[in-house]
Amino acid sequence: MLQSPLNHCIKFELDVKDENIVFKDYFYKSIKLQKHKIYEAELIQPACPFCGSLALLHNGHLITNIHYPTANASLPVIIRLAKQRVKCRDCDHWSMAQSELVNKYCSISNASKLKVLSALTEDRSMTSIARENNVSINTVQRVLGNCSHRFIDSYEYLPAHLAFDEFKGVDRQLHFICLDGDNHQVVQILRTRCKKTLLKYFGRFSPQARANVETVTMDLNFYYQDIVRACFPNAQIVIDRFHMIQMLTRSFNSLRVQVMKTFDKRSRQYQLLKSPWKLYLKKFDELEKAHPRYNWHYKDCLTQAQVVTEGINTSTTLENSYNLMQSFIQAVETGNTHELKSLITSKDSIGTLMHKTLLTFKYNLTAVLNGAALPYSNGCPEGFNRKIKQIERTAFGYSNFINLLTRIRLEEDLYKEKEPNSLLMVA
């Protein structure tokens, strides 16, 4: 078929590779008070799709306005494609010319859908994606929904090191998330964190896959440990170090407030315990010890270490609790399990809430010691939860869990485009 130079130039500009499309003209037109660039083209049916015969009877065209991507969003591009309608003289079948440029019964080009899909892997709202590609928000949602079935779960393999956590998602509900502790890739995100749901999910894996799990890192959620014992026979439970230290510092901070309230608000002891409260939660080795500074609250010139030392000396219980907290943090950082065990079983006079915290550690002693001895932590799910919060914040929240899950997977860059044509089969 002899094609004009204009046809070749337009195909090169639009990156259209279909040989059956012949461009004939282009012009500008105002549609709904916006300037559009219109390309006129014809889609030729070379042979019968049923029998392959070349004896075709032409019977007009179907004109379709196809939205095509453009670098300039203020100047939308439309391909006015005339699809040939033909009848085969040999098998008497009617057919219409089709192209990879656009799906059947669709007016959004596959190139536009691929561009929308690429934008969905970034932290952007659907409104901005639709505006940039000159399509409706519903089109963006359909492209997103078409990706949901691509993430198929495999129940034949589980990583050796898992990390459990939860995050707030649709309707402020808590969803369960499980990550690989080594490469920090998402293993699964479930709609609920109920014990029955988790047991059902992990029960689908083969016994060999569940036996492959060596450690499971988590916070002090009690039924997570029941799930590990029921599903993973060879796994060690690891309590996250951050959550242990957080519980201990919160209990100490509560005791500090209780001791502070026993003094008069105008007293020096009250001011020492109130205004520099952040210093009590820092490691003592990180406090300033050489350069004193004046503070108008207690009207004295003291270093940070002097402030803390004088503050905890106001109460024996507060001093014992502070020393225990500092020793606990140091033991966790150095992985000294013997020191950690002796601190948990300490008989010193400490605050009631801190005593309850130590009892919790004592009840989960093996898991707590594993948290100090092993290098695994819940840092990866906590960081990933921060990313999920940003996704939800950009979209002003999600009302559909499947859409949220698909968007998380797309932004995680785990999507592998194996079948690009079937990907774009959306209405």
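Look above for the structure.
Each value, and the rule that gives it
- Residues numbered from 1 in each chain as written.
- Predicted model: local features only at pLDDT ≥ 70, side-chain atom pairs only at ≥ 80, totals over all residues.
- Heavy atoms only, no water.
- Helix = DSSP H or I, 4+ residues; strand = E, 2+ residues; numbered from the N terminus.
- Rg over C-alpha atoms; globule rule 2.2 N^0.38 Å.
- Buried < 20%, exposed > 50% of the residue type's maximum accessible area, 1.4 Å probe, protein only.
- Pairing = 2+ DSSP bridges.
- Axes fitted to C-alpha atoms, helices over the stretch in contact; angles between N-to-C directions.
- Expected span 1.5 Å × (residues − 1).
- Contact = heavy atoms within 4.5 Å.
- Parallel < 35°, antiparallel > 145°, perpendicular 65-115°, else oblique.
- Left-handed = near helix turned anticlockwise from the far one by under 90°.
- Nonpolar A, V, L, I, M, F, W, Y, C, P; charged D, E, K, R; others polar.
- Salt bridge = Lys/Arg side-chain N within 4 Å of Asp/Glu carboxyl O.
- Core = buried A, V, L, I, M, F, W, Y, C linked by side-chain atoms within 4.5 Å.
- Phe/Tyr/Trp six-rings, centres within 6.5 Å; stacked < 30°, edge-to-face > 60°.
- Lys NZ or Arg CZ within 6 Å of the ring centre and 35° of its normal.

Moving on, we come to the overall build of the protein. In terms of regular secondary structure, the protein is built from 18 helices and 12 strands. Computed over its C-alpha atoms, the radius of gyration of the protein comes to 33 Å, more than 25% above the 22 Å expected for a compact globule of 427 residues. With the principal axes as the frame, the protein shows a C-alpha extent of 100 × 55 × 35 Å. Here the protein, with 427 residues, has 46% of them falling under the buried criterion.

Time to look at the sheet that holds strand β9 (residues 215-218). Spatially, β8-β7-β6-β9-β10 is the arrangement adopted by the five strands of the open sheet, whose pairing is mixed. In this open sheet, the two edge strands, each paired with only one partner strand, are β8 (186-190) and β10 (236-239). Across the sheet, the mean angle from the axis of one strand to that of its neighbour is 20°, orientation sign disregarded. Direction of pairing for strand β6 (residues 161-168) relative to β9: parallel, over a ladder of three bridges.

Time to look at the pairing of strand β7 (residues 174-180). Counting buried positions along β7 gives six out of seven residues, so the element sits mostly inside the fold. Relative to β7, β6 is paired through seven bridges, and the arrangement is antiparallel. From the neighbouring strand, F164 faces β7, where its bridge partner is C178. Hairpin connection of β6 to β7: five residues between the antiparallel strands, including D171 at a positive phi of 55°. Strand direction decides the pairing type here: β7 and β8, joined by four bridges, are antiparallel. Looking at the pairing, F176 lines up with L190 of β8. From the end of β7 to the start of β8, which pair antiparallel, there are five residues, and H184 there has a positive phi angle of about 65°.

Attention now goes to helix α12 (residues 316-334). Taking 1.5 Å per residue as the helical rise, α12 with its 19 residues ought to reach 27 Å, and the 27 Å between its terminal C-alpha atoms agrees with that figure. Listed in full, the buried residues belonging to α12 are L318, S321, Y322, L324, M325, Q326, F328, I329, A331 and V332. Looking one or two residues beyond α12, the residue adopting positive phi is G335, at roughly 70°.

Quick look at the side chain of H161 now. Note on placement: H161 falls in strand β6. Not counting residues up to four positions away in its chain, the partners in contact with H161 are L179, D180, G181, D182, E214, T215 and Y376.

Moving on to the packing of helix α2 (residues 110-120) against helix α3 (residues 126-133). Interaxial distance between α2 and α3 falls to 10 Å at its minimum, and their mutual angle equals 150°. Compared by their axis directions, α2 and α3 come out roughly antiparallel. Our pair here, α2 against α3, has a crossing hand that is right-handed. Seen from α2, the contacting residues are K115, V116, A119 and L120; seen from α3, they are I129, E132 and N133. For the contact of α2 with α3, the residue count by class is four nonpolar, one polar and two charged.

On to the environment of Y157. Summarising the element assignment, Y157 is placed in the loop between α4 (137-146) and β6. On a C-alpha basis, the gap between Y157 and Y363 in space is 32 Å, while along the polypeptide they are 206 residues apart.

Before going further, it helps to spend a moment on the environment of V140. Considering the arrangement of structural elements, one finds V140 in helix α4. Since its relative accessible area comes to 0%, V140 is described here as buried. Residues V140 and I177 lie 37 residues apart in sequence; the distance between their C-alpha atoms is 26 Å. Excluding its chain neighbours within four sequence positions, the residues that come into contact with V140 are V116, L120, M126, I129, A130 and V135.

This part covers the pattern of salt bridges. When the charged atoms of two side chains lie near each other, side chains of opposite charge can form a pair. Under the counting rule described, the total for this entry stands at 15 salt bridges. Ionic pairing is found between R229 and D226, a salt bridge with its closest N-O pair at 3.5 Å. Note that R229 and D226 are positioned in helix α7 (residues 222-231) at a spacing of three residues, about one turn of the helix. Ionic pairing is found between E286 and K283, a salt bridge with its closest N-O pair at 3.5 Å. With a relative accessible area of 48%, E286 lands in the partly exposed category. One continuous salt-bridge network, built from bridges that share partners, spans E122, R124 and E132.

Counting residues in each nonpolar core, the largest one holds 62 residues, and the members touching the most others are F164, F202, V216, F232, F328 and L340. When residues in this core are grouped by element, the largest group, eight residues, is from α12. Excluding residues that lie within four positions of it along the chain, F328 makes contacts with M244, L248, L340, L343, I344 and F361. Grouped together as the second largest cluster of nonpolar side chains are 31 residues, L14, A130, V135 and V143 included.

Right, let's get into the packing of aromatic side chains. According to the stated counting rule, one finds 17 aromatic pairs in the structure shown. Between F23 and Y39, the ring centres sit 6.3 Å apart and the planes meet at 85°, which makes this aromatic pair edge-to-face. Of this pair, F23 sits in strand β1 (residues 21-31) while Y39 is found in strand β2 (residues 34-43), placing the two residues 16 residues apart along the sequence. Look at Y39 and you get buried, because its relative accessible area is 1%. One aromatic cluster is present, formed by Y155, F164, F176, Y201, F202, F205, F222, Y223, Y224 and F232 through successive ring pairs. Positioned over the ring face of F284 is K289, at 4.9 Å from the centre of the ring.

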